[in-house]
Amino acid sequence: MANEISVRLQGLKAATDKMVGLAPKLRRSGLRKAARQAMNIVRDDARDRARALDDPDTTEKIWKNIITQDSARQGRREGGVVMKVGIRGGASSNQYSQDASGNPGGDTRHWRYLEFGTKHNPPAPFMRPAFSTNVNAVTERFVQVFNQEIDAAL
């Protein structure tokens, strides 16, 4: 994505102290589960916002292509788990792009024109507000699920 929003959770000293006693695989799976469940809040809100923007006269449905995905390579590089909310098919369209019409919502690579606007149309963001309005809920859900995973493992 062209614009990315990142959040780093800090101040989880009690949880990180418990984590030291866990095996690396358990540590990683607990982090992944907590991050996925937390980011599903953003995914669900973005779907609701996109559903309101989708044109009912077309077969393309942006909300059907909004997913939560784990970025294992980026997570290894940053030393943790990276969970993203994005649109299937991405935002690129050039001669090297793969056909995106097979996605559940069809070819919705035009989502970026809605999110960021064009010189002819004002922006109607749905991804960025979905994250910014849910930061506290995401953080609380992450901490809740992560603590449950740690307690279950210990």
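Going by the structure above, here's the rest.
Now for a quick tour of the structure. (Residues numbered from 1 in each chain as written. Predicted model: local features only at pLDDT ≥ 70, side-chain atom pairs only at ≥ 80, totals over all residues. Heavy atoms only, no water.)

The full count for this structure, using the stated rule, is six salt bridges. The shortest N-O distance in the salt bridge between Arg-43 and Asp-44 comes to 2.9 Å. For Arg-128, the salt bridge goes to Glu-115, with nearest N and O atoms at 2.9 Å. Remark: Glu-115 occurs in helix H4 (residues 111-116) and Arg-128 occurs in helix H5 (residues 127-132); sequence separation between them is 13 residues. (Salt bridge = Lys/Arg side-chain N within 4 Å of Asp/Glu carboxyl O. Helix = DSSP H or I, 4+ residues; strand = E, 2+ residues; numbered from the N terminus.)

Our focus in this paragraph is the side chain of Asn-134. Note on placement: Asn-134 falls in the loop between H5 and helix H6 (135-153). With sequence-adjacent residues up to four places away left out, Asn-134 is seen in contact with Ile-41, Val-42 and Asp-45. (Contact = heavy atoms within 4.5 Å.)

In this structure, Ala-152 sits in helix H6. We classify Ala-152 as exposed; its relative accessible area is 64%. Once the C-alpha coordinates of Ala-152 and Gly-30 are considered, the two residues, 122 residues apart in sequence, prove to be 9.8 Å apart. (Buried < 20%, exposed > 50% of the residue type's maximum accessible area, 1.4 Å probe, protein only.)

Now for the packing of aromatic side chains. Considering all chains together, one arrives at three aromatic pairs under this definition. Taken together, a centroid distance of 6.3 Å and an interplanar angle of 50 degrees make the contact between Trp-111 and Phe-116 tilted. Given a relative accessible area of 30%, Phe-116 falls into the partly exposed group. Residues Phe-142 and Phe-146 carry aromatic rings whose centres are separated by 5.5 Å and whose planes lie at 20 degrees to one another, so their mutual orientation is stacked. With Phe-142 and Phe-146 both in helix H6, this residue pair falls four residues apart, about one helical turn. Side by side, Phe-142 and Phe-146 carry an identical accessibility label, which is buried. These aromatic residues form a ring-pair network of at least three members: Trp-111, Phe-116 and Phe-126. A cation over an aromatic ring shows up here: Arg-51 above the ring of Trp-63, its NZ or CZ 3.9 Å from the ring centre. (Phe/Tyr/Trp six-rings, centres within 6.5 Å; stacked < 30°, edge-to-face > 60°. Lys NZ or Arg CZ within 6 Å of the ring centre and 35° of its normal.)

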